[in-house]
Amino acid sequence: MTLLQTVYEAIDDKRGEDIVVLNMEGISPLADQFIITHANSERQVQAIAREVSDAASKLGHHAKRLEGLDGGRWVLIDLGDIVVHVFHRDERAHYNLEKLWRDAPLMEVEMSQ
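The written sequence of each chain sets the order in which its residues are numbered from 1. The predicted nature of this model means local features are confined to residues of pLDDT at least 70 and side-chain atom pairs, given and counted, to a pLDDT of 80 or more, with totals for whole chains, interfaces and linings taken over all residues. Calculated side-chain values reflect all of the structure's heavy atoms, with hydrogen atoms and water omitted.

Per an unreviewed UniProt entry, the protein carries the name Ribosomal silencing factor RsfS and comes from Savagea faecisuis. UniProt positions are given in the numbering used here, feature names are shortened, and annotations may be inferred rather than shown by experiment. Under the heading Subcellular location (unreviewed entry), UniProt records this for the protein: "Cytoplasm". For the record of the protein, the UniProt heading Subunit (unreviewed entry) holds the text "Interacts with ribosomal protein uL14 (rplN)."

A. Local environment of helix α1 (residues 3–13). Each residue is assigned to one of three classes by its accessible area relative to the maximum for its type, calculated with a 1.4 Å probe on protein chains only: buried under 20%, partly exposed between the two thresholds, exposed over 50%. Numbering goes from the N terminus for both helices and strands, where a helix is a DSSP run of H or I of at least four residues and a strand is a run of E of at least two. Summarising burial for α1: nine of the eleven residues are buried, a large majority. Along α1, the positions that sit buried rather than exposed are L3, L4, Q5, T6, V7, Y8, E9, A10 and I11. Backbone geometry just after α1 places R15 at a positive phi near 65 degrees.

B. Expanded view of the nonpolar core. In this text, buried Ala, Val, Leu, Ile, Met, Phe, Trp, Tyr and Cys residues form a nonpolar core when linked through side-chain atoms within 4.5 Å. Counting residues in hydrophobic clusters, the biggest one holds 24 residues, and the most contacted among them are V7, I11, I35, V52, I77, L79 and V84. Of all elements in the fold, only α1, β1 (17–23), β2 (33–39), α2 (42–58), β4 (74–78) and β5 (82–88) reach the threshold of two or more residues within this core. Ranked by size, the runner-up nonpolar core spans eleven residues in total, among them L22, L76, V83 and F87.

C. Geometry of the environment of M111. Within the secondary structure, M111 is located in the segment after α4 (97–100). Taking the C-alpha atoms as reference, M111 lies 8.7 Å from T6; in sequence the two are 105 residues apart. Ignoring sequence-local partners within four residues, the contact set of M111 consists of Y8, E9 and D12. Contacts: residue pairs with any heavy atoms within 4.5 Å of one another.

D. Spatial organisation of the pairing of β2. Most of β2 is tucked away, with seven of its seven residues classed as buried. Neither face of β2 is left uncovered, since the one carrying Q33, I35, T37 and A39 and the one carrying F34, I36 and H38 both have all their residues buried. The pairing of β1 with β2 spans five bridges and is classified as antiparallel. Counterpart to V21 in the pairing with β2 is I35. Any two strands with at least two DSSP-identified bridges between them are counted as paired. When β2 meets β5, the two strands line up parallel, connected through seven bridges. When the bridges of β5 are listed, I36 appears paired with H85.

Spelled out as structure tokens, the structure:
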């Protein structure tokens, strides 16, 4: 399983909502993919972020940065080629990263069986 699939499934396992994967190749030097999701409480945002970090670590990909975990409103997890944004529902609507990066094509991620 790829890191992208692992992260996507970790988010899905913790019931992240409206998971969007943006292909950032050639658009941003920061990462190849951005994954954006949200949750309805700070506690759930934190749980999703921890699950993503733990799942990636099991594959040998340790977070270069993990910011915002204490607040639980917007957690950024930098996994190198993949940057994960876990928002509280209200923050996601406010920052609207999908609109900011609207030139980035959406990617489909196949779940493992």
